[in-house]
Amino acid sequence: MAHRAPEPIAAAARRVAARKRFDAKNYRVYVGVVFILLWGLAPFYWMVVTAFRDPDYTFSTVPWPTHLTLENFQNALSTSSGNDFTQALINSMIIGGVTTAVALTIGIFTAYALARIAFRGKYVVVGIVLGASMFPVVALVTPLFQFFTNIGWIGSYQAMIIPNISFVLPLTIYTLTSFFSDLPWELEEAARIDGASRAQAFRLVMLPLAAPALFTTAILAFIATVNEYLLASQLSSDATEPVTVAIARFSGNDPHVVPYAAIMAAGTIVTVPLVIMVLLFQRRIVSGLTAGGVKS
Amino acid sequence: MAVPTGAPTGTPGGPPARSAAGDSFPGRGPRDDGSGEHGSRNDLARRRHVGPSSRRAWFLVGPTLVVLAIVIGYPIVRAVVMSLQKDPGLDPETGMFVEGGWAGFSNYTHWLLQQCPSPTGAMIACPPGTLGSQFWSAVGITLFFTVVTVTLEVGIGLWMAIIMGSSFTGRALLRAAVLIPWAIPTAVTAKLWYFIFAYDGIANTLFGTHILWTSDPWPARVAVVIADVWKTTPFMALLILAGLQMIPNDVYEAAKVDGAGAWQRFTQITLPLVKPALMVAILFRTMDALRMYDLPAILTGGNPATTTVSILVVEQVRQGFNSASALSTTTFLLIFAVAFVLVKFLGANAVRTQEVQRQGAK
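Because the structure is predicted, anything quoted here is derived from the model rather than measured. (Residues numbered from 1 in each chain as written. Chains lettered and ligands numbered in written order. Predicted model: local features only at pLDDT ≥ 70, side-chain atom pairs only at ≥ 80, totals over all residues. Heavy atoms only, no water.)

> In this structure, what is going on with the overall build of chain A? I would like to understand it.
Broken down by element type, chain A carries 12 helices and zero strands. Counted from the first residue to the last, chain A has its helices and strands arranged as α-α-α-α-α-α-α-α-α-α-α-α. The buried share of chain A, reckoned over its 296 residues, is 56%. Taking the contacts inside chain A whose residues are at least 6 apart along the sequence as the reference set, 68% of them involve residues at least 24 apart. (Helix = DSSP H or I, 4+ residues; strand = E, 2+ residues; numbered from the N terminus. Buried < 20%, exposed > 50% of the residue type's maximum accessible area, 1.4 Å probe, protein only. Contact = heavy atoms within 4.5 Å.)

> Got a minute to help me understand the overall build of chain B in this structure?
Along chain B, the regular secondary structure elements total 17 helices and four strands. Considering chain B as a whole, with its 362 residues, one finds that 52% of them fall into the buried category. Intrachain contacts of chain B at a sequence separation of at least 6 include 60% that bridge at least 24 residues. In the form shown here, chain B has an accessible surface area of approximately 16800 Å², with 66% of it arising from carbon and sulfur atoms. (Areas by Shrake-Rupley, 256 points an atom, 1.4 Å probe, with all protein chains shown as cover.)

> Would you mind going over the packing of helix H11 (residues 217–244) of chain B against helix H13 (residues 262–290) of chain B with me for this structure?
Each packed pair of helices is defined by two parameters, the angle between the axes and the distance between the axes. All names here are of chain B. Running from amino to carboxyl end, H11 crosses H13 at an angle of 140°, the nearest separation of the two axes being 9 Å. One element, H11, and the other, H13, form an angle in the oblique class. For the pair H11 and H13, the crossing hand works out as right-handed. Each of Asp228, Thr232, Met236, Leu239, Ile240, Gly243 and Leu244 in H11 lies in contact with H13, whose residues at this interface are Thr270, Val274, Ala277, Leu278, Ala281, Ile282 and Arg285. A breakdown of the residues in the contact of H11 with H13 according to their chemical character gives nine nonpolar, three polar and two charged. (Axes fitted to C-alpha atoms, helices over the stretch in contact; angles between N-to-C directions. Parallel < 35°, antiparallel > 145°, perpendicular 65-115°, else oblique. Left-handed = near helix turned anticlockwise from the far one by under 90°. Nonpolar A, V, L, I, M, F, W, Y, C, P; charged D, E, K, R; others polar.)

> Any chance you could explain H13(B) here in plain terms?
Spacing of three or four residues puts side chains on the same side of an α-helix, whose turn is 3.6 residues. Spanning 29 residues, H13(B) covers only 35 Å between terminal C-alpha atoms, well under the ideal 42 Å at 1.5 Å per step. Along H13(B), the sharpest kink reaches roughly 55°, centred on B:Lys275 and followed within four residues by the proline B:Pro276. (Expected span 1.5 Å × (residues − 1). Bend = angle between axes of the 7 residues up to and from the residue.)

> Explain the pattern of salt bridges to me, please; I cannot follow it from the model alone.
It is possible for side chains of opposite charge to pair when their charged atoms get near one another. Residues and elements named next belong to chain B. Applying the stated criterion across every chain yields a total of six salt bridges over all chains. Close ionic contact of Glu153 with Arg285 constitutes a salt bridge, the shortest N to O distance being 2.8 Å. Of this pair, Glu153 sits in helix H7 (residues 135–166) while Arg285 is found in helix H13, placing the two residues 132 residues apart along the sequence. No difference in accessibility class separates Glu153 from Arg285, as the two residues are buried. Its salt-bridge partner being Asp288, residue Arg285 comes within 3.4 Å of it at the nearest N-O pair. Residue Arg285 and its partner Asp288 are located together in helix H13, separated by three residues, close to a single helical turn. One network of salt bridges, in which partners are shared, links Glu153, Asp228, Arg285, Asp288 and Arg291. (Salt bridge = Lys/Arg side-chain N within 4 Å of Asp/Glu carboxyl O.)

Treat this as a map of the structure, not an account of what it does.
Rendered as structure tokens:
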């Protein structure tokens, strides 16, 4: 007890010192904070402002919203110029959803083994998963393109979903392993002593506790899948292309005029749901990102 | 998917979450249970406290290894086999269409020595403008992008992390702002910067310049670097911030008492202690940068000045599978070599760092 006594005094002294430094140090921090906010928000803000601005004023430099219109969104979703952005959104949901569900289902078992069991060859598995996460996608394009051409899969959903599963599996496993390591596994042991089988103990006791971790991992996997462009650009057809491919080759009525405003509207449609998701779950996402990144 | 619906109510022991999470892999649990404990139930019961057996672990890891073997292992082997075959085409000697056949390493020498068959059948230097003449320039551009973007991202990311770590007001707001560039898909990012860097766009207006950002060689490269740094630095900052927060505050207090200045505290405490996390982040970012494709491909629309090796492979795919396989295998070996050098010389041993930190975190 006695050694705790100086604590408030030290804290008070620190506060006084902090107040003295307030101006110089905080000034620099505030400038930094404003800079980071501008960094993250300004380009995104400009995209949204342009999306809602009359296309005749696309290159206006007025920093606040002017000439408000929904015309760009109509153009972005219209199918008259050979675009089908609504279908692309559905395709991305299908590809992202199925990939995430399958990768999570497979990943749970591996993550459980890596987090809970000390077994021979564990480092080999960790190494393989790590190697796969750094693997250059481009090395797969040629064989997969040829293989899928041979079996008539080009333009099918599975041609994109199956490779995507292997790309997000390492991320899923790392994030889940890291989360699993922090769970109170004594509860599982307790359930086992009460007569539950190992699978029951995991499913009924541990999985509910891990639900937030699973949810975070699902968000990360979904965002990673929706982000994929290289393989989709080679393996999809007009009917199955995801939003990344659709936005990359978005065309207007006049081939000589880039439909900037409609593209910004399309970008806004894709981005705003993702941004809302990120804002709602930012704390979880950051813990998931750093769990998979720093600890891996 | 059942998992997201279960998660918001997923506080410990919540019944809705329990059923939702349980539904997310129907049938899996029981089947898993049966095969894992068939032969060794008594054995397991006796040494329950030791934990499940090694065989069980491999059983759990199996599906992952199978998926990775099918989608990554098999195509790699196939690519190597294909790269040693000739692409079907006209035989320069007979003028007949031939179906390919054994090529030896000629596909590799085609890229590495930039040699193409001439109409007479002799090997000559690939004419400018063909893909064959672009290999080494693509390698150079890829390495340029990698070194420049990773350096900038580490530098700015470190600074951002320190700012985010020392600001207590609006931390959530900062975190949200920093996550936005990360959340936007790269293809959308590319189009967004394509608009910003348009001739009449906001970049030229702000700087009062008239630069053709996406078609002139150096402005195009700068544009790609700016867009990539914008998108990825926040991610870097978050990783570094997590590393910074592991450093106990006492260490700084002690150094202050000993009279260390702010710069000394940064170089003597922050940098060495954040180094393991930083090295892992650098390794991952370098691997990412070496395979860069989306940004240059979309932002500059096939400008040869920003053709990375990945873009070169994709352009070659439709002109001959076997030659493309040789190129992608070369790319793979190149990236593997860089990873090897990084791990060896920078000590960025990700596996070990992970284990050490996991044990430390426990």
